[in-house]
Amino acid sequence: MDSRTKGIGRQSLIIAAASFMLIAAAVGAGAFGGASVDDLQDGALSAQGSYLAPAGPAFSIWSLIYIGLIAYTVWQALPAQRQDARQQAVGGWIAASMVLNGLWLVTARFLTLWLTVVVIALLLAVLARVIVVLGRFPARNLADRILTDGANGLHFGWVTIATVANTAAWLTQIAPESWAEAADAWAIAVLVVVLVIGAAAAWATGRIAPALATAWGLAWLAVGRLTGEPESTPTAIIAIIVAVLLVVAGVVAVLRRRARSAQSTSR
């Protein structure tokens, strides 16, 4: 199979994956009837589902993510991207992330809570792979940087905090009541892990999008713990601190990437 045929196959795969994602998201979100996402799984996935659930407005970021992924799908389908080495390396992984994205909502609506944890963990792992691959192939131009790195970076950053919230919701459902006494400590420990993951992603890619998306989720997590149930001031404070540190890490990573690029150009 020549490179041109492989390129067309990859472009078609991404278009098919994006189409599945949008249809599955519409079905899963109740666009054709049924309960809202907040009410699925007996409310476990709502803003009150756990100590690590962001407040409701945080989820508006999905609109931006979907717009970005749709724009990326259209852009990558252009002839100019057909044999691009960067798109060849990352396209299959991005397609897989889109399929898992749609599958999560279908799982949340029709299957069980623990299966949503499995699906979102797989989605996070695939998006982490996308971030790693993008870090190995510099963006060719501004459109590539915005649509490939930006859209997928936002996707990864948000799914990082969504995975935490989803897993916490499941554990809240199955854990013994005695665990509630240490809920703050567990929440803070998990937020430290989120900081490590987010900082590593920023350092690997030199992009700020993942950090911004995670920080957005953390900021609304803090709002949820300060103004809603379950209330937890310590968790909110740590969430705000981690959000600020992630943005700083993202800015430093961008400046580092630009400095290295300038040094390479001057040689």
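The structure under discussion appears in the preceding block.
Structure report, in brief. Given the structure is predicted, the values throughout are model-derived calculations rather than measurements.

## So, the packing of aromatic side chains
- With the rule as written, the count across this model stands at 4 aromatic pairs.
- Summarising the aromatic geometry, the rings of Phe59 and Trp158 are spaced 5.5 Å apart at their centres and angled 85 degrees between planes, so their arrangement reads as edge-to-face. Pair noted here: Phe59 is in the loop between helix 1 (3-28) and helix 2 (61-76) and Trp158 is in helix 5 (residues 142-174), with a separation of 99 residues, a long-range link.
- Judged by relative accessible area, which is 31%, Phe59 ranks as partly exposed.
- Between the aromatic rings of Trp62 and Tyr66, the centroid separation amounts to 5.5 Å while the plane-to-plane angle is 25 degrees, which identifies the pairing as stacked. In this pair, Trp62 and Tyr66 both sit in helix 2, 4 residues apart, roughly one turn of the helix.
- We classify Tyr66 as buried; its relative accessible area is 17%.
- When the ring centre of Trp203 is taken as origin, the NZ or CZ atom of Arg256, which lies over that ring, is 3.8 Å away.

## What about the pattern of salt bridges?
- Enumeration over the complete set of coordinates arrives at 4 salt bridges.
- Close ionic contact of Arg140 with Asp84 constitutes a salt bridge, the shortest N to O distance being 2.6 Å. Of the two residues, Arg140 is situated in the loop between helix 4 (113-136) and helix 5 and Asp84 in the loop between helix 2 and helix 3 (85-110); the sequence distance between them amounts to 56 residues.
- Overall, Asp84 belongs to the buried group, its relative accessible area being 10%.
- Taking the shortest distance from any N to any O, the salt bridge between Asp149 and Arg207 comes out at 3.5 Å. You can see Asp149 sitting in helix 5 and its partner Arg207 sitting in the loop between helix 6 (183-205) and helix 7 (209-227), a full 58 residues away along the chain. Taken as a pair, Asp149 and Arg207 share a single burial class, namely buried.

## Remarks on the packing of helix 2 against helix 3
- Running from amino to carboxyl end, helix 2 crosses helix 3 at an angle of 140 degrees, the nearest separation of the two axes being 12 Å. With respect to their mutual orientation, helix 2 and helix 3 come out oblique. Considering only the axes of helix 2 and helix 3, their crossing is left-handed. Contact residues: helix 2 offers Trp62, Tyr66, Leu69, Tyr72, Thr73, Trp75 and Gln76, while helix 3 offers Gln87, Val90, Gly91, Ile94, Met98, Asn101 and Leu105.
- Residue composition of the contact of helix 2 with helix 3, grouped by class: 9 nonpolar, 5 polar and no charged.

## Things to note about the nonpolar core
- Grouped together as the largest cluster of nonpolar side chains are 62 residues, with contacts concentrated most on Tyr72, Met98, Trp158 and Leu218.
- Looking at this core, the elements with two or more residues in it are helix 1, helix 2, helix 3, helix 4, helix 5, helix 6, helix 7 and helix 8 (233-266).
- Beyond its immediate chain neighbours, meaning those up to four positions away, Trp158 contacts Pro54, Ala58, Phe59, Ile61, Trp62, Ile65, Ala213, Thr214, Trp216 and Gly217.

What counts and what doesn't
Residues numbered from 1 in each chain as written. Predicted model: local features only at pLDDT ≥ 70, side-chain atom pairs only at ≥ 80, totals over all residues. Heavy atoms only, no water. Phe/Tyr/Trp six-rings, centres within 6.5 Å; stacked < 30°, edge-to-face > 60°. Helix = DSSP H or I, 4+ residues; strand = E, 2+ residues; numbered from the N terminus. Buried < 20%, exposed > 50% of the residue type's maximum accessible area, 1.4 Å probe, protein only. Lys NZ or Arg CZ within 6 Å of the ring centre and 35° of its normal. Salt bridge = Lys/Arg side-chain N within 4 Å of Asp/Glu carboxyl O. Axes fitted to C-alpha atoms, helices over the stretch in contact; angles between N-to-C directions. Parallel < 35°, antiparallel > 145°, perpendicular 65-115°, else oblique. Left-handed = near helix turned anticlockwise from the far one by under 90°. Contact = heavy atoms within 4.5 Å. Nonpolar A, V, L, I, M, F, W, Y, C, P; charged D, E, K, R; others polar. Core = buried A, V, L, I, M, F, W, Y, C linked by side-chain atoms within 4.5 Å.

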